[in-house]
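# Secondary and tertiary structure notes
Here's the letter readout for the chains.
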Amino acid sequence: MKKITIGEAARRSGVKVPTVRYYESIGLLAAPSRSEGNQRSFEPADISRLAFIRHARELGFEIEAIRTLLTLQDDPNQSCASADAIAKARLVEVEQRIRSLTALKAELETMVEGCGRGRVDQCRVI
């Protein structure tokens, strides 16, 4: 089977090359084998792992949560309670952020409605 270069691994997984190196340096991705020219050689499983990390980051999971999820993924016979707890905690954070953004939107709408006409000395934005 042909080994995959770091550039190709980055392209296939949607992760930039420096990010691949970073994930390797912090232990989210095992150090890949090296060619005779000392170039990294990735396996298809590495690409899947990188894609998982990228998706988890897009969902807003912190690195340590991703580390835990990857540890769970590496031992599929475990209970999924820990993964469920991590996802539930992230959902709570998202719901709190939505409430905060909804309140912010309402305040900005009030400001814009009250300032659209008139002079600066009456402007709610200022």
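Preceding this section is the structure that the text describes.
To keep things clear, this report deals only with the structure shown in the data block.

Here is what the cut-offs are and how they apply
Residues numbered from 1 in each chain as written. Predicted model: local features only at pLDDT ≥ 70, side-chain atom pairs only at ≥ 80, totals over all residues. Heavy atoms only, no water. Helix = DSSP H or I, 4+ residues; strand = E, 2+ residues; numbered from the N terminus. Rg over C-alpha atoms; globule rule 2.2 N^0.38 Å. Buried < 20%, exposed > 50% of the residue type's maximum accessible area, 1.4 Å probe, protein only. Areas by Shrake-Rupley, 256 points an atom, 1.4 Å probe, with all protein chains shown as cover. Lys, Arg positive; Asp, Glu negative; His and termini not counted. Charge placed at Lys NZ, Arg CZ, Asp CG, Glu CD. Expected span 1.5 Å × (residues − 1). Contact = heavy atoms within 4.5 Å. Axes fitted to C-alpha atoms, helices over the stretch in contact; angles between N-to-C directions. Parallel < 35°, antiparallel > 145°, perpendicular 65-115°, else oblique. Left-handed = near helix turned anticlockwise from the far one by under 90°. Nonpolar A, V, L, I, M, F, W, Y, C, P; charged D, E, K, R; others polar.

## Thoughts on the overall build of the chain
The helix and strand inventory of the chain stands at five helices and two strands. Counting from the amino terminus, the chain carries its helices and strands in the arrangement α-α-β-β-α-α-α. Rg of the C-alpha trace for the chain: 23 Å, well past the compact-globule value of 14 Å for 126 residues, more than 25% over. Principal-axis analysis of the C-alpha atoms places the extent of the chain at approximately 75 × 40 × 20 Å. Counting all 126 residues of the chain, 25% fall into the buried class. Carbon together with sulfur atoms contributes 55% to the accessible area of the chain, which is approximately 8900 Å² in total. Averaging the locations of the 20 positively and 17 negatively charged side chains of the chain gives two centres separated by 5 Å.

## Things to note about helix α4 (residues 63-74)
Owing to its 3.6 residues per turn, the α-helix aligns residues three or four sequence positions apart on the same side. Over its 12 residues, α4 extends 16 Å from the first C-alpha to the last, a length consistent with the 16 Å expected when each residue adds 1.5 Å. Within α4 the residues assigned to the buried category are Ile63, Ala65, Ile66, Leu69, Leu70 and Leu72. Taken together, the buried residues of α4 touch α2 (17-25), α3 (44-58) and α5 (81-115).

## Description of the packing of α3 against α4
Interhelical geometry of α3 versus α4 gives an angle of 140 degrees and a closest axis separation of 10 Å. In terms of axis orientation, α3 runs oblique to α4. Both α3 and α4 take part in a crossing whose hand is right-handed. In contact with Arg49, Phe52, Ile53, Ala56 and Arg57 of α3, α4 contributes Ile63, Ile66, Leu69, Leu70, Gln73 and Asp74. Split by residue class, the contact of α3 with α4 holds seven nonpolar, one polar and three charged.

## What about the packing of helix α1 (residues 6-13) against α2?
Their axes nearest at 9 Å, the elements α1 and α2 cross at an angle of 100 degrees. Classified by the angle their axes make, α1 and α2 are roughly perpendicular. Contacts between α1 and α2 pair Ile6, Gly7 and Ala10 from the former with Val17, Val20 and Arg21 from the latter. Grouping the constituent residues of the contact of α1 with α2 by class yields four nonpolar, one polar and one charged.

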